[in-house]
Amino acid sequence: MPSASSILALVAAGALRASVAGFSPPAPTHVLGGTARPPSSHRPRPRRSSLVLREVATDTTQDEAVSDPASLVYYDDYLDPANSAGVVCARGVCVLPDDDDDYDLSAPPDDSSRRTPPSSSIVDAFLGSYLGPRLLLAFASVLYGTNFPLGAMMNDALPPSAATSARMVLASLALSPFLFRLEAKLAPKALLCGCFTAMGYITQSLSLVDTSPAKVAFLGAATVVVCPALEVLVNKKDMSVSKQPQTWLAATLCLMGVGILELYDPSGATPAADIFSQVGTGDGLAILQAVGFGTSFFLTERMMTQVPGQALPITAVQVSVTAFLCMVWSISDGWVGSEGAESYGIPAMFLDPSLRTAALAVAWTGLATTALNRFVETTALGKMKSAEASVILATEPLWASLFASLWLGENFGANDYVGGALIVAACVATALTRDDFRRFGILSRDTQTEKERLRKTEGSFE
């Protein structure tokens with residue numbers, strides 16, 4: 001595909017050709033059989049002109065030098081596989097970009113091309129600003145961070161199955177209006193996705209019984225390894241270092257962080273032969289949490305890329321399936337119907353003074369951090385790029401650590417700081433591109449590809 005400069009040159013040449021020969025401005029091109037060409041109804045009839053341009057078929061493939069997909073560059077129906085129709089994806093949520101022809105919502109405030117859109121309310125003005133959506137997504141990350149310490153607090157007063165079940169019931173009730181808006185063709189995949197979502201929530205709740213909330217949050221960020229692994233296994237995507245250097249960097253940083261977090265004893269009291277004895281059942285469950293959520297994110301993004309605008313209906317199915325499976329878990333746990341467990345369900349827990357704190361935590365995690373937060377994400381994501389969103393959401397473990405320290409008095413060692421920092425860096429690394437590595441000289445350009453691209457560009461203007 002031609003570079004950006006060649007596209008501008010082609011547009012300028014087209015305008016000159018129209019002015020010399022009396023043609024009308026060229027219509028947007030369409031793809032027929034993989035070739036960009038104007039529709040037959042808009043093709044100009046040949047006239048004499050002193051300016052002659054040779055029409056060259058241009059293959060609509062993604063140009064790495066252009067940030068937008070080919071569908072946006074050529075105005076055709078081709079969907080770039082990496083970013084279908086310009087869909088913005090982060091943390092298992094995909095939405096259509098909420099752009100406007102008259103202003104660029106992703107442009108920084110000092111960009112002269114940015115114009116403030118007209119707004120009818122303070123909310124519209126906030127969401128239409130540069131900082132508004134980013135602050136909103138940061139707020140969502142803060143809310144996610146509260147899940148881990150509050151989960152530990154709920155487990156102190158309730159069986160994990162009771163706490164998770166009550167939380168998911170409230171979330172499913174809040175999102176129930178969206179449940180029947182799900183596209184019928186997505187139903188089987190959404191149900192399967194809900195099973196992996198349930199796996200993530202159940203293992204997270206169990207791991208918080210005897211594992212630090214901060215550690216569970218950091219280990220949960222191992223989804224940066226799970227999702228690329230599924231891309232290779234399921235989508236057969238080329239994940240070589242030359243194609244996806246950011247994935248290898250993120251995986252390396254994540255594995256190093258997990259290793260330091262789990263195996264390094266800053267006190268030096270654990271002999272080298274016994275370092276693996278520090279890994280407990282809760283740590284393994286926290287890793288399974290990443291597998292469950294990572295698979296859920298992978299399946300969700302596949303569905304939302306195919307049918308954008310289904311974020312809330314898919315979430316409604318996910319939490320409903322999780323609520324059902326947690327009900328089965330509660331029954332198998334043995335506390336349902338037993339003496340002394342009358343207040344473990346809804347609404348009884350809200351009427352028991354001894355469970356007031358746990359009940360409030362259940363309401364917060366069910367209504368705010370699960371149901372409301374998904375609405376916040378879908379609102380903010382459409383107004384920024386995926387890379388920005390990924391970096392903002394990568395701060396979730398940091399907020400979890402902060403709240404665990406403030407609410408539970410949790411102390412951290414050198415392994416927590418170093419391991420946690422590496423895992424957060426791994427999350428941030430996923431937002432990098434191949435051009436970022438080339439810019440720093442880490443990845444060399446493909447000389448042959450550049451020559452072919454130049455040859456195509458020169459041939460277009462002979």
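The preceding data block contains the structure.
Residues numbered from 1 in each chain as written. Predicted model: local features only at pLDDT ≥ 70, side-chain atom pairs only at ≥ 80, totals over all residues. Heavy atoms only, no water.

### A look at helix H14 (residues 386-393)
Here is the rule: A simple rule labels every residue: compare its accessible area, found with a 1.4 Å probe on the protein chains alone, to the largest value its type can have, and call it buried under 20%, exposed over 50%, or partly exposed in between. Secondary structure elements follow DSSP: runs of H or I no shorter than four residues count as helices, runs of E no shorter than two count as strands, and numbering proceeds from the N terminus. Regarding the arc, it is the one traced by the directions from the helix axis to the C-beta atoms. Working rule for contacts: check all heavy atoms of both residues, and any pair within 4.5 Å makes them a contact.
Listed in full, the buried residues belonging to H14 are Ala389, Ile392 and Leu393. All buried residues of H14 fall inside an arc of 90° around its axis, so they share one side. If you follow the buried residues of H14, they end up packed against strand E4 (88-90), helix H4 (131-157), helix H13 (356-381) and helix H15 (396-408).

### Focus: the packing of helix H7 (residues 213-220) against helix H10 (residues 281-306)
Using the following cut-off: Axis lines are fitted through C-alpha atoms, for helices just across the contact stretch, and the angle between N-to-C directions can take any value from 0 to 180 degrees. Any angle that falls under 35 degrees is termed roughly parallel, while one over 145 is termed roughly antiparallel, one within 65 to 115 roughly perpendicular, and all others oblique. Each helix crossing is assigned a hand: it is left-handed if the near helix lies turned anticlockwise from the far helix by less than a right angle, otherwise right-handed if that turn is clockwise. Three residue categories are used. Nonpolar comprises Ala, Val, Leu, Ile, Met, Phe, Trp, Tyr, Cys and Pro, charged comprises Asp, Glu, Lys and Arg, and polar comprises the others, including Gly.
Contact geometry of H7 with H10 gives a least axis separation of 8 Å together with a crossing angle of 40°. Comparing their axes, H10 and H7 come out oblique. Taken as a pair, H7 and H10 cross one another with a handedness that is right-handed. Of the residues in H10, those in contact with Lys215, Val216, Leu219 and Gly220 of H7 are Asp283, Ala286, Ile287, Gln289 and Ala290. Looking at the contact of H7 with H10, its residues break down into 5 nonpolar, 2 polar and 2 charged.

### As for the side chain of arginine 167
Just so we agree on the cut-off: A residue counts as positive if it is Lys or Arg and as negative if it is Asp or Glu; His and the chain ends are not included. Salt bridge, as used here: a side-chain nitrogen of Lys or Arg that lies within 4 Å of a carboxyl oxygen of Asp or Glu.
By secondary structure assignment, the location of arginine 167 is in helix H5 (residues 160-179). Put simply, arginine 167 is tucked away with no salt bridge, and the nearest opposite charge, on glutamate 396, sits 8.6 Å away. Ignoring anything within four residues of it in the chain, the contact list for arginine 167 reads Asn147, Tyr201, Gln204, Val362, Thr365, Gly366, Thr369 and Thr370.

### Looking at the pattern of salt bridges
By the definition in use, this model includes 5 salt bridges. Lysine 215 is the partner of aspartate 283 in a salt bridge, and the nearest nitrogen-oxygen pair spans 3.9 Å. Here aspartate 283, found in helix H10, pairs with lysine 215, found in helix H7; they are 68 residues apart in sequence, far enough to count as distant. We note a salt bridge from glutamate 377 to arginine 374, for which the minimum N-O separation is 3.3 Å. In this pair, glutamate 377 and arginine 374 both sit in helix H13, 3 residues apart, roughly one turn of the helix. Arginine 374 carries the same exposure label as glutamate 377, and that label is buried.

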